[in-house]
Amino acid sequence: MAINLPPKYDPKSVEEPIYRQWIERGYFRSAPSDTRSPYCIVIPPPNITGALHMGHALNNTIQDILIRWKRMQGFEALWLPGTDHAGIATQNVVERELAKDGISRHDLGREEFVNRIWQWRERYGNRIVEQLKRLGFSCDWERQRFTLDSGLSKAVNTVFVRLYNEGLIYRGNYLINWCPRCHTALSDDEVEHRPTNGKLWHLKYPLSDGSGFITVATTRPETMLGDTGVAVHPDDPRYIHLIGKTLRLPFVNREIPVIADSAVAMDFGTGCVKVTPAHDANDYAMGNRHNLPRVNVMNPDGTINENGGPFTGLDRYECRKRLVAQMASLGLLEKEADYDLSLSECYRCHSAIEPYLSDQWFVKMHSLAQPAIEAAKSGAVKFHPDRWVRVYLDWLENVRDWCISRQLWWGHPIPVWYCDNCRNIIAATSAPTKCDKCGGTSLTQDPDVLDTWFSSALWPFSTLGWPEETPEVKYYYPTDVLVTDRGIIYFWVARMVMMGYKFMGREPFGDVLIHGTILDEVGRRMSKSLGNGIDPIEMIEQYGADALRFSLVMLTLEGQDVKLSTKKFEMGRNFTNKIWNAVRFALMKMPEGLATEKPLDLSGLQLYDKWILTRLSQTIEVATAEQGAFRLNPAISAIYSFFWNDLCDWYLEAIKADLQPEAPAARRETASRVFLAVLDAALRLLHPYMPYLTEELWHRLAEFYPVRDLSGSVRACETIMLAPWPVSTDFPRFAREAEEMELLKTAVSAVRNVRGSRNIMDKVKLTAMFDAGCAENLSALESSRDLLLRMANLKSFQAGVGVTSPPGSATEIAPPLTLFVPLGELVDVEAERAKLSITLERQRDGIMRLEARLANPEFAAKAPANIVEKEHARLADMKATEAKIVREIKALEMIG
RNA sequence: GGGCAUAUAGCUCAGUCGGUUAGAGCGCUACACUCACAUUGUAGAGGUCACUGGUUCGAAUCCAGUUAUGCCCACCA
């Protein structure tokens with residue numbers, strides 16, 4: 001043969017040129033079609049600040065597999081890519097960079113700072129996209145979107161104005177989560193809770209009338225400066241007489257009342273709660289119930305403001321320290337105890353969150369949530385695995401209003417203007433020129449920007465061109481599947497479904513695939529701070545993109561977390577090499593000028609041809625069904641084991657003799673045609689998982705064997721990407737022959753087993769005798785005589801029914817066969833006998849257990865008839881085997 | 001405090017409708033490198049299916065409880 005591939009697959013020389021070609025030829029492009037059905041996935045947009053990690057690699061590999069599979073099935077498949085502006089994250093990154101030069105964003109001013117971020121985005125914002133490309137992802141890059149580009153901004157403004165006009169967006173002064181480091185409000189979902197070793201301080205507040213003290217317990221003593229009351233339970237006998245009295249708050253000398261509220265737990269702390277409506281969510285609610293004033297004692301940066309009396313200007317923690325010390329010196333610190341609490345932190349910078357009173361914008365969630373709840377209940381949106389629907393519903397059913405304003409500069413400006421003259425509020429999709437109430441022309445835009453997740457929520461339709469009525473919106477919406485991890489079910493998935501129903505009238509996607517989280521070897525999350533991450537790009541360099549993709553999917557079961565180590569990628573690397581070498585073998589051994597254009601004459605098929613075609617057909621069926629249920633791991637496992645265990649281990653070995661130049665031409669041709677057709681189909685099955693390797697090998701094969709179907713029909717296809725996904729009925733099945741082949745494999749394995757356990761080299765030709773057990777098996781062995789001789793490396797063999805051991809034989813029990821290998825002097829009778837005794841013992845053990853089960857009258861009475869029958873048949877088989885073992889032991893003893 | 005997940009070979013994990021002599025990959029042991037691939041092949045060893053109880057003719061599988069680990073939610077100061 002003219003071609004000889006190198007013996008090792010070298011991904012580096014293959015990947016880059018193939019990807020370039022895919023792009024140049026526009027294979028990833030998709031457009032609305034009159035003839036094909038749409039299949040659409042929108043990418044979870046990575047943050048522009050992000051660097052590719054294993055989570056991205058897994059998430060996008062799954063999407064690429066689905067997209068490539070559907071594309072091969074003939075769908076008009078669009079994978080729509082894009083990136084997220086990631087408000088806080090990006091602003092923080094650029095601020096940190098400026099800080100290196102000693103510049104703050106305030107030094108630059110808002111406009112210049114935002115310019116700098118755009119510049120940063122130009123330089124670095126596409127890095128993650130370039131990294132994604134290395135994995136071979138087939139996104140339609142010409143449609144790449146960015147959450148801050150003009151189209152998406154228009155969608156954001158349109159949505160805001162409509163919700164505002166419908167009264168679903170409102171502004172108000174509420175207690176929100178404030179990050180004193182980022183200087184912005186956060187939604188409840190952006191707050192993380194971390195267990196912390198804190199303290200519980202018991203503070204004494206003197207009664208105004210001097211009649212004593214009341215003791216409260218707190219974890220944040222500095223907030224006492226904002227206390228406007230102390231609450232006790234109305235039924236608490238200890239304090240009932242104090243209700244209505246007043247206390248004099250130290251340091252600020254404010255008179256505050258003792259109130260009764262049933263929210264107070266009598267059995268916690270002292271049973272008295274200090275009430276700080278401006279700095280605690282519970283207290284805020286309690287304050288409302290009792291009309292307590294709200295005293296804000298903090299500045300946005302976390303220092304104490306002018307309401308803090310002697311502590312004004314101190315940082316919140318410095319204030320805490322000094323305040324506690326002064327309370328102690330005043331004799332008002334009753335005790336200080338260790339106390340474990342759950343500290344609220346900013347999900348971006350991990351500073352401690354302060355509940356903070358401020359003017360913010362909110363979305364009313366309740367009514368928007370209802371269709372999203374209904375969608376999950378009706379099955380319009382399905383989760384895989386379905387247990388995640390519970391998490392989704394729990395959130396939606398208890399959803400609270402969403403704080404959407406952020407005191408940042410990077411993001412979508414809130415499309416609201418205030419009339420400087422009459423304070424009228426104008427919400428508009430573009431800047432108004434005058435006040436619609438007083439006609440004043442001096443208008444000021446709201447200084448805040450929107451939560452990043454506000455624009456993300458619109459992603460499935462804003463990326464398709466909405467609010468314009470584009471052909472894409474009509475054709476691709478709703479999209480088909482969303483692939484993501486469990487961490488953003490509330491942040492993103494639920495909000496997309498809500499917005500989808502609100503603005504498109506239906507669900508944004510029909511299926512939500514939640515995959516597992518990538519962990520390190522010992523089961524910890526991979527994170528920058530732990531430094532335990534594995535860089536996908538490094539793994540690509542080392543093992544190749546296909547090996548990376550394959551290994552990840554092989555490790556990922558139905559949303560289970562994945563414990564990963566670099567060693568795991570060897571599995572993928574080894575498999576790519578195996579595939580490479582199977583094709584290499586084909587190119588080396590198959591004849592030139594194969595007449596592939598004729599339909600193959602099936603009458604020339606050998607047992608193993610029929611078997612491999614049957615196995616291929618079964619594998620296609622399994623893989624297709626599993627992929628359809630989003631179960632990629634069982635699908636690729638089936639393909640893997642077909643390729644390695646069936647095709648390479650058995651079929652390829654079986655046809656080696658057929659492919660020799662001296663083999664009969666017809667046989668050589670038939671074996672080659674079958675092998676070629678199977679390889680072709682296998683490469684197509686593998687393509688979604690291992691796109692580079694399969695494309696490369698498919699072309700290598702095509703160079704010499706242009707048509708590869710069994711039918712001989714011409715398939716004009718310039719890339720495996722667009723070749724049809726195999727259909728199980730493309731390949732004939734032969735049930736009886738497939739079983740016969742399994743018997744042959746048993747016979748071969750039995751001989752190999754004799755070799756292995758008796759230390760007989762593979763190259764020594766043996767003579768074998770088989771007791772076939774029954775006439776059917778006997779004829780199967782006889783009719784594949786050549787194959788058996790070859791695969792087991794036998795000089796000759798005899799087979800019969802009821803054949804007994806010739807003297808001096810090694811005996812191998814391999815139901816339904818028994819194998820004897822005459823070894824003459826070489827046989828160790830004692831060892832053979834010992835071996836058989838162990839087998840006998842095991843066999844008898846099994847028989848006893850089975851007999852006990854069958855002897856139970858209830859079994860016969862209650863078990864289904866087919867099971868009873870099956871078990872009896874099994875018992876008979878086991879007894880027959882037992883008898884053989886006994887016979888062989890006796891024969892050996894006679895020799896001994 | 002509530003919810004969810006997980007527990008099977010030394011390690012990482014499969015195991016469908018309850019009926020198997022409980023499987024795979026890695027690792028380990030032995031043997032084999034002219035003949036696609038040593039990133040390989042052949043064979044082997046290795047298991048009280050976390051624990052307790054229950055349902056059942058029959059349980060790794062179903063139910064209840066326990067233990068351990070992980071994740072999510074939650075206003076007890």
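Along each chain, residues carry numbers from 1 onward, in the same order as the chain's sequence is written. Chain labels run from A onward and ligand labels from 1 onward, assigned in the order the entries are written. Residues qualify for local features only when their pLDDT is at least 70, as the model is predicted, and side-chain atom pairs are given and counted only at 80 or more; totals for whole chains, interfaces and linings, by contrast, use all residues. Side-chain measures here rest on the full set of heavy atoms in the structure, leaving out hydrogens and waters.

The next subject is the overall build of chain A. Along chain A, the regular secondary structure elements total 28 helices and 29 strands. Taken over C-alpha atoms, the radius of gyration comes to 37 Å for chain A, far larger than the 29 Å a tight globule of 896 residues would show. Between buried and exposed lies partly exposed: a residue is buried under 20% and exposed over 50% of the maximum accessible area for its type, with that area taken using a 1.4 Å probe on protein chains only. Taken across its 896 residues, chain A has 55% of its residues classed as buried. About 38400 Å² of surface is accessible on chain A, with carbon and sulfur atoms providing 50% of the total. In this count, Lys and Arg are taken as positive residues and Asp and Glu as negative ones, while His and the chain termini are left out. Charged groups are reduced to one reference atom each: NZ for lysine, CZ for arginine, CG for aspartic acid, CD for glutamic acid. Taking the average place of the 104 positive charges on the side chains of chain A and the average place of its 114 negative ones, the gap between the two points comes to 1 Å. Secondary structure elements are taken from DSSP: a helix is a run of H or I of four residues or more, a strand is a run of E of two residues or more, and numbering for both begins at the N terminus. With the radius of gyration taken over C-alpha atoms, the globule rule is written as 2.2 Å times the number of residues to the power 0.38. All accessible-area figures derive from a Shrake-Rupley calculation using a 1.4 Å probe, and residue coverage is judged against the displayed protein chains alone.

For the rest of this paragraph, the subject is the sheet that holds strand β11 (residues 254–260). Spatially, β10-β11-β9-β12 is the arrangement adopted by the four strands of the open sheet, whose pairing is mixed. In the strand order of this sheet, the two ends are held by β10 (246–249) and β12 (272–275), each with one partner. Here the strands of the sheet are splayed against their neighbours by 30° on average, with no regard to which way each runs. By the bridge criterion, four bridges tie strand β9 (residues 229–232) to β12 in an arrangement that is antiparallel. Bridging across to β12, G229 finds its partner in V275. For two strands to pair, DSSP has to find at least two bridges joining them. Only the stretch in contact is used when a helix axis is fitted, and all axes are lines through C-alpha atoms; the angle between N-to-C directions ranges over 0 to 180 degrees.

Turning our attention to the pattern of salt bridges. The salt bridge definition used is simple: a Lys or Arg side-chain nitrogen within 4 Å of an Asp or Glu carboxyl oxygen. The full count for this structure, using the stated rule, is 70 salt bridges. Between E397 and R390 there is a salt bridge, with the nearest N and O atoms lying 3.6 Å from each other. A relative accessible area of 37% means that E397 is categorised as partly exposed. In this structure, R833 and E830 form a salt bridge, with 3.1 Å as the shortest nitrogen-oxygen distance. Of this pair, R833 and E830 both sit in helix α26 (residues 829–855), separated by three residues, roughly a single helical turn. Accessibility expressed as a relative area gives 47% for E830, which makes it partly exposed. In this structure, a network of salt bridges that share partners links the residues R220, D280, R316 and E354.

Our next topic: the pairing of strand β28 (residues 809–814). Strand residues, when the strand is regular, have side chains that alternate between the two faces of the sheet. Judged by how many residues are buried, β28 sits mostly within the fold: six of six residues are covered. Of the two faces of β28, the one holding S809, T811 and I813 and the one holding A810, E812 and A814 are both buried throughout. Sheet topology note: the β28/strand β29 (residues 817–822) ladder contains six bridges and is antiparallel. Across the sheet, residue A814 finds its bridge partner in β29, namely L817. Adjacent in sequence and paired antiparallel, β28 and β29 are bridged by two residues.

It is worth spelling out the confidence of the model for chain A at this point. Of all residues in chain A, 99% have pLDDT values of 70 or greater, and the mean over the chain is 92. Confidence estimates for the predicted assembly give a pTM of 0.94 and an ipTM of 0.95. The predictor rates its confidence in each residue with pLDDT, a number between 0 and 100.

The next subject is the packing of aromatic side chains. Note on aromatic pairs: the rings of Phe, Tyr and Trp (six-membered ring only in Trp) are paired at centre separations within 6.5 Å, and the planes decide the class, stacked below 30 degrees, edge-to-face beyond 60, tilted for the rest. A complete count under the given rule lists 43 aromatic pairs for this structure. Both rings, one in Y19 and one in Y692, keep their centres 6.4 Å apart while their planes meet at 55°; by these two values the pair is tilted. One end of the pair, Y19, is in helix α1 (residues 11–24); the other, Y692, is in helix α22 (residues 691–704), with 673 residues separating them in the sequence. Taken together, a centroid distance of 5.4 Å and an interplanar angle of 20° make the contact between Y170 and F362 stacked. Separated by 192 residues along the polypeptide, Y170 in strand β5 (residues 169–179) and F362 in strand β14 (residues 354–363) bring together distant segments of the chain. For Y170, a relative accessible area of 19% puts it in the buried group. Judged by relative accessible area, which is 7%, F362 ranks as buried. Members of the aromatic cluster, connected to one another through ring pairs, are F160, Y164, W361, W402 and F454. Look at NZ for Lys and CZ for Arg. If either is within 6 Å of the ring centre and within 35 degrees of the ring normal, a charge sits over the ring. Positioned over the ring face of W409 is R105, at 4.7 Å from the centre of the ring. K133 extends its terminal NZ or CZ atom over the ring of W141, reaching a point 5.0 Å from the ring centre.

Here the focus is empty space enclosed by the protein. Here a cavity denotes grid points, spaced 1 Å and computed from the protein atoms alone, that fit a 1.4 Å probe unable to get out, and a pocket denotes an open set having protein on both sides within 12 Å along at least 5 of 7 lines; residues with an atom within 4 Å of a point are the lining. Grid points are joined across faces, edges and corners, and a volume is the space filled by probe spheres set on the points. The tally for this structure, following the rule as stated, stands at one cavity of 30 Å³ or more. Considered as a void within the structure, the largest cavity measures approximately 150 Å³ in volume. Residue lining of the largest cavity: 15 residues in total, with I62, T556, E558, F630 and L632 positioned closest to the centre. Mapped by element, the contributors of at least two residues to the lining of the largest cavity are α2 (54–72), β23 (509–515) and α20 (632–655). Of the residues that constitute the lining of the largest cavity, the class distribution is nine nonpolar, four polar and two charged. Gly counts as polar in this scheme, as do all residues outside two lists: the nonpolar Ala, Val, Leu, Ile, Met, Phe, Trp, Tyr, Cys and Pro, and the charged Asp, Glu, Lys and Arg.

Surrounding RNA strand B, one finds 50 residues, the nearest of these being N581, R584, W644, K862 and R874. Looking at RNA strand B alone, sugar and phosphate atoms form 59% of those within 4 Å of the protein. Here a polar contact is recorded for every N or O atom pair within 3.5 Å, except that within protein the pair must consist of a potential hydrogen donor and a potential acceptor, and residues adjacent in sequence are included only if both atoms are side-chain atoms. At 3.0 Å from a base nitrogen of RNA strand B is found a main-chain nitrogen or oxygen belonging to F268. A distance of 3.2 Å separates a sugar or linking oxygen of RNA strand B from a polar atom in the side chain of N574. Here the surface near RNA strand B gets nine residues from one element, more than from any other, and that element is helix α18 (residues 569–589). Looking at the surface near RNA strand B residue by residue, the classes come out as 18 nonpolar, twelve polar and 20 charged. One heavy atom within 4 Å of a molecule or strand makes the whole residue count as near it.

For the rest of this paragraph, the subject is the sheet that holds strand β15 (residues 382–384). Read from one edge of the open sheet, three strands run β15-β23-β22, paired in parallel fashion. Bordering the open sheet on either side are β15 and β22 (479–485), each of which pairs with just one other strand. Taken pair by pair, the neighbouring strands of this sheet meet at an average axis angle of 20°, ignoring direction. Across six bridges, the pairing between β22 and β23 is parallel. Each residue of the ladder has a partner; that of T484, found in β23, is I514. Relative to the sheet, helix α15 (residues 489–504) contacts β15, β22 and β23, its axis offset from that of β22 by approximately 165°. In what follows, a contact means two residues having at least one pair of non-hydrogen atoms within 4.5 Å.

With four of its five residues buried, strand β1 (residues 38–42) lies for the most part within the structure. With five bridges connecting them, β1 and strand β2 (residues 76–80) associate as parallel partners. Bridged to P38 within β2 is E76. For the crossover that starts at β1, traverses α2 and ends in the parallel β2, the hand is right-handed. The handedness of a crossover follows from its direction of travel: if, with the strands pointing away from the viewer, the path from the first strand over the helix to the second runs clockwise, the crossover is right-handed.

Let us look at the environment of D267. Inspection of the secondary structure puts D267 in the loop between β11 and β12. When its relative accessible area of 73% is taken as the criterion, D267 is described as exposed. Spatially, the C-alpha atom of D267 lies 9.9 Å from that of D236, the residues being 31 residues apart in sequence.

So, about the packing of helix α7 (residues 150–165) against α15. As a packed pair, α7 and α15 sit with axes 12 Å apart at the nearest point and diverge in direction by 80°. The angle between α7 and α15 places the two elements in the roughly perpendicular class. On α15, the residues touching V159, R162 and L163 of α7 are M499, K502 and F503. Tallied by class, the residues present in the contact of α7 with α15 amount to four nonpolar, no polar and two charged. Oblique is the label for any angle not under 35 degrees, not over 145, and not in the 65 to 115 range, which are roughly parallel, roughly antiparallel and roughly perpendicular in turn.

Looking now at the nonpolar core. We define a nonpolar core as any set of buried Ala, Val, Leu, Ile, Met, Phe, Trp, Tyr and Cys residues linked to one another through side-chain atoms lying within 4.5 Å. With 217 residues, the main nonpolar core has L66, F454 and F770 as its most contacted residues. Among the elements that take part in this core, α20 stands out by supplying 13 residues, more than any other. Setting aside anything within four residues of it in sequence, one finds L66 in contact with Y39, I41, V481, V483, L513, Q627, F630 and L632. Listed in part, the 28 residues of the second largest apolar core include Y239, F251, I256 and M327.

All right, on to the packing of helix α19 (residues 607–628) against α20 then. Running from amino to carboxyl end, α19 crosses α20 at an angle of 170°, the nearest separation of the two axes being 8 Å. In terms of orientation, α19 lies roughly antiparallel with respect to α20. Residues Y608, D609, W611, I612, R615, L616, T619, V622, A623, E626 and Q627 of α19 form the contact with α20, whose own contacting residues are L632, P634, A635, A638, I639, F642, D646, L647, W650, Y651, A654 and I655. Tallied by class, the residues present in the contact of α19 with α20 amount to 17 nonpolar, two polar and four charged.

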